[in-house]
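Residue-level structural notes
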Amino acid sequence: MIPSLLELHLSNSNLKETHLSHILHNLTTLSNIQHLDLSSNMLTGSILESLTKLKMLQVLDLSDNDLMGPIPTFLGKLTELYLFGNDMNGSIPESIGRFAALRALSVKRNKLSGTIPDSIG
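Summary of the structure given here. (Residues numbered from 1 in each chain as written. Predicted model: local features only at pLDDT ≥ 70, side-chain atom pairs only at ≥ 80, totals over all residues. Heavy atoms only, no water.)

**Considering the overall build of the protein chain**
For clarity, the threshold we go by: For helices the rule is a DSSP run of H or I covering at least 4 residues; for strands it is a run of E covering at least 2, with both sets numbered from the N terminus onward. Taken over C-alpha atoms, the radius of gyration is set against a globule rule of 2.2 Å times the number of residues to the power 0.38. Relative accessibility decides the category of a residue: with a 1.4 Å probe and only protein chains considered, values under 20% of the type maximum give buried, values over 50% give exposed, and everything between is partly exposed. Only heavy atoms matter for contacts: two residues are in contact if any of them lie within 4.5 Å across the pair. The method behind every accessible area is Shrake-Rupley, applied with a 1.4 Å probe, and residues are considered shielded solely by the protein chains displayed.
The secondary structure content of the protein chain amounts to 1 helix and 9 strands. Overall, the protein chain shows an N-to-C arrangement of helices and strands of β-α-β-β-β-β-β-β-β-β. What you see for the protein chain is a C-alpha radius of gyration of 14 Å, in line with the 14 Å of a compact globule of 121 residues. Taking the principal axes of the C-alpha coordinates as reference, the protein chain spans close to 45 × 30 × 20 Å. Within the protein chain, the fraction of its 121 residues that count as buried is 41%. Contacts in the protein chain between residues at least 24 apart in sequence constitute 49% of all its contacts with a sequence separation of at least 6. Surface exposure of the protein chain reaches about 6,700 Å², of which carbon and sulfur atoms provide 53%.

**Things to note about the packing of aromatic side chains**
Selection criterion: Whether two aromatic rings pair depends on their centres lying within 6.5 Å, for rings of Phe, Tyr and Trp, where Trp uses its six-membered ring; planes under 30 degrees apart make the pair stacked, over 60 edge-to-face, and the rest tilted. Put simply, a charge is over a ring when the Lys NZ or the Arg CZ is close to the ring centre, within 6 Å, and near the line of the ring normal, within 35 degrees.
Using the criterion set out here, one finds 0 aromatic pairs in the structure. Taking NZ or CZ as reference, Lys108 lies 5.7 Å from the ring centre of Phe84, over its face.

**Section: unusual backbone geometry**
If you check the backbone angles, Asp64 has positive phi at about 55° while not being a glycine. Among the secondary structure elements, Asp64 is positioned in the loop between strand 4 (59-61) and strand 5 (66-69). When its relative accessible area of 26% is taken as the criterion, Asp64 is described as partly exposed. Here Arg109, not a glycine, exhibits a phi torsion of approximately 60°, which is positive. Relative to the helices and strands, Arg109 is located in the loop between strand 8 (104-106) and strand 9 (111-112).

**A few points about the pairing of strand 7 (residues 87-90)**
For clarity, the cut-off: Paired strands, as defined in this entry, are two strands with at least two bridges between them according to DSSP.
Of the strand pairs in this sheet, strand 5 and strand 7 are connected by 2 bridges, and their pairing is parallel. By the bridge assignment, Gly69 is partnered in strand 7 with Met88. Where strand 7 lies against strand 9, 2 bridges are found, and the strand directions are parallel. Note that in strand 9 the partner of Asn89 across the bridge is Lys111.

**A closer look at the sheet that holds strand 1 (residues 7-9)**
The condition that has to hold: Axis definition: a line fitted to C-alpha atoms, limited for helices to the stretch in contact. Angles are taken between N-to-C directions and run from 0 to 180 degrees.
The 5 strands are arranged 1-2-4-6-8 in an open sheet whose pairing can be described as parallel. The open sheet has two edge strands, strand 1 and strand 8, and neither has a second partner. Recorded for the sheet is a direction-independent mean angle of 5° between the axes of neighbouring strands. Sheet topology places strand 2 (residues 35-37) next to strand 4; 3 bridges connect them, and they run parallel. Its bridge partner lying in strand 4, His35 is registered against Val59.

Now the structure itself:
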C-alpha cells in the first residue's frame, strides 16, 4: 500500500489480461492514483468496470493493446482517455459529451463507425 503514489506507468511491460485483473485488484489500495499508463501491452477483452474503483483517476492510457468492445461510459471523471491502436468498435457514445472534465480523447486506429456526437462539441 502506497497511498502517496499518484502515477503508475506500466507501458511495454508484456502485461496480459490476467495480469490486468491482478493489477486492478491491487490498485484499489492505491486510493490516490491519478495517472495510470497500461499502454503497449497485450491486454485483451473489454475495459473493466473495476477501473471505477480508482476514484481519483484522471488520466488513463490503454493505447496499443488488443482491447475491444464499445467505448465505456463509466469513466466520466477522466480528464484524458487514450484508447488508440485497439479494436474498439461501435461508435463514440453520445454520453461521452457528459464527461465534464474530459479534455483529451484519442481513439484513432480502432474499428469505430458512425459520426462524432454533437455532445462532444
